[in-house]
Amino acid sequence: MSDKKNQPAVADALNALLADSFALYLKTKNYHWHVQGPRFRELHLLFDEQAAQILATTDLIAERVRKNGAPTLRSIGDVSRRQSIKDDDAASVEPDAMIKALAADNRTLLGQLKETKAAAESDGDIATSGLVDGWADETQQRIWFLEATLGY
């Protein structure tokens, strides 16, 4: 447990990060389910791998909120009210557009991670700060893979 209970800045940053993590997870799975074309297998597997990595962080993020003495997200509606990553409800998306969207969304998530780290460090929450480092590294790797797939 954190030394201080109910650190609202840290909990708020973590809940925003959690909402964006769920939004990015679902968007990545959406693309995994709907990608088509000559690179189907490559992208289908890449998107699935990235979605699993994102989903794996959600429980850890939520538990950090609780360890900071605050409530966390409770519903899809709660996620939608807090997310900054936009959903993609299009019936058809070209593979390169999927990759570009996911790279941009991972950059948004990286920004959320930086805000969360700053809030944690400001409150002296070294446990959260340390966890964020690992999540940021995973996010940077996803961005790298996506951009390398596009030839950037």
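See the structure above.
Residues numbered from 1 in each chain as written. Predicted model: local features only at pLDDT ≥ 70, side-chain atom pairs only at ≥ 80, totals over all residues. Heavy atoms only, no water.

1. Focus: the packing of aromatic side chains
The way to describe two aromatic rings as a pair is by their centre distance and the angle between their planes.
Thought 1: Tallied over the entire structure, the rule returns two aromatic pairs.
Thought 2: Ring centres 6.3 Å apart and planes at 50° place the aromatic pair tyrosine 31 and phenylalanine 47 in the tilted group. Of this pair, tyrosine 31 sits in helix H1 (residues 8–34) while phenylalanine 47 sits in helix H2 (residues 40–67), and the two are 16 residues apart along the sequence. Summarising the burial analysis for this pair, tyrosine 31 and phenylalanine 47 share the class buried.
Thought 3: With centroids separated by 5.2 Å and ring planes inclined at 85°, the aromatic side chains of tryptophan 144 and phenylalanine 145 adopt a geometry described as edge-to-face.
Thought 4: Among the residues examined, phenylalanine 145 registers a relative accessible area of 31% and is labelled partly exposed. (Phe/Tyr/Trp six-rings, centres within 6.5 Å; stacked < 30°, edge-to-face > 60°. Helix = DSSP H or I, 4+ residues; strand = E, 2+ residues; numbered from the N terminus. Buried < 20%, exposed > 50% of the residue type's maximum accessible area, 1.4 Å probe, protein only.)

2. A word on the pattern of salt bridges
Thought 1: For the structure on display, the rule yields eight salt bridges.
Thought 2: Here lysine 29 ties to aspartate 48 by a salt bridge, and the two come within 2.6 Å at their closest N and O atoms. One end of the pair, lysine 29, is in helix H1; the other, aspartate 48, is in helix H2, with 19 residues separating them in the sequence.
Thought 3: The residue glutamate 147 makes a salt bridge to arginine 107 at a minimum N-O spacing of 3.0 Å. (Salt bridge = Lys/Arg side-chain N within 4 Å of Asp/Glu carboxyl O.)

3. Things to note about the nonpolar core
Thought 1: Core analysis: the biggest nonpolar cluster contains 37 residues, and Phe47, Leu113, Trp135 and Leu146 have the highest contact counts within it.
Thought 2: Looking at this core, the elements with two or more residues in it are H1, H2, helix H4 (95–122) and helix H5 (126–150).
Thought 3: Broken down by element, the residue count for this core peaks at 10 residues, all from H1.
Thought 4: When residues no more than four places from it in sequence are discounted, the contact partners of leucine 113 are Leu17, Val132, Trp135, Ala136 and Thr139. (Core = buried A, V, L, I, M, F, W, Y, C linked by side-chain atoms within 4.5 Å. Contact = heavy atoms within 4.5 Å.)

4. A closer look at H1
Thought 1: Taking 1.5 Å per residue, 27 residues should reach 39 Å; H1 reaches 39 Å between its end C-alpha atoms and fits that length.
Thought 2: Here H1 lies mainly inside the structure; 19 of its 27 residues are buried. (Expected span 1.5 Å × (residues − 1).)

5. Description of the packing of H1 against H4
Thought 1: Across the interface, H1 lies against H4 with an axial gap of 9 Å and an inter-helix angle of 165°. Considered as vectors, H1 and H4 are oriented roughly antiparallel to each other. Our pair here, H1 against H4, has a crossing hand that is left-handed.
Thought 2: Of the residues contributing to the contact of H1 with H4, the split by class is 15 nonpolar, seven polar and four charged. (Axes fitted to C-alpha atoms, helices over the stretch in contact; angles between N-to-C directions. Parallel < 35°, antiparallel > 145°, perpendicular 65-115°, else oblique. Left-handed = near helix turned anticlockwise from the far one by under 90°. Nonpolar A, V, L, I, M, F, W, Y, C, P; charged D, E, K, R; others polar.)

Everything listed here is a matter of geometry and, on its own, says nothing about what the molecule does.
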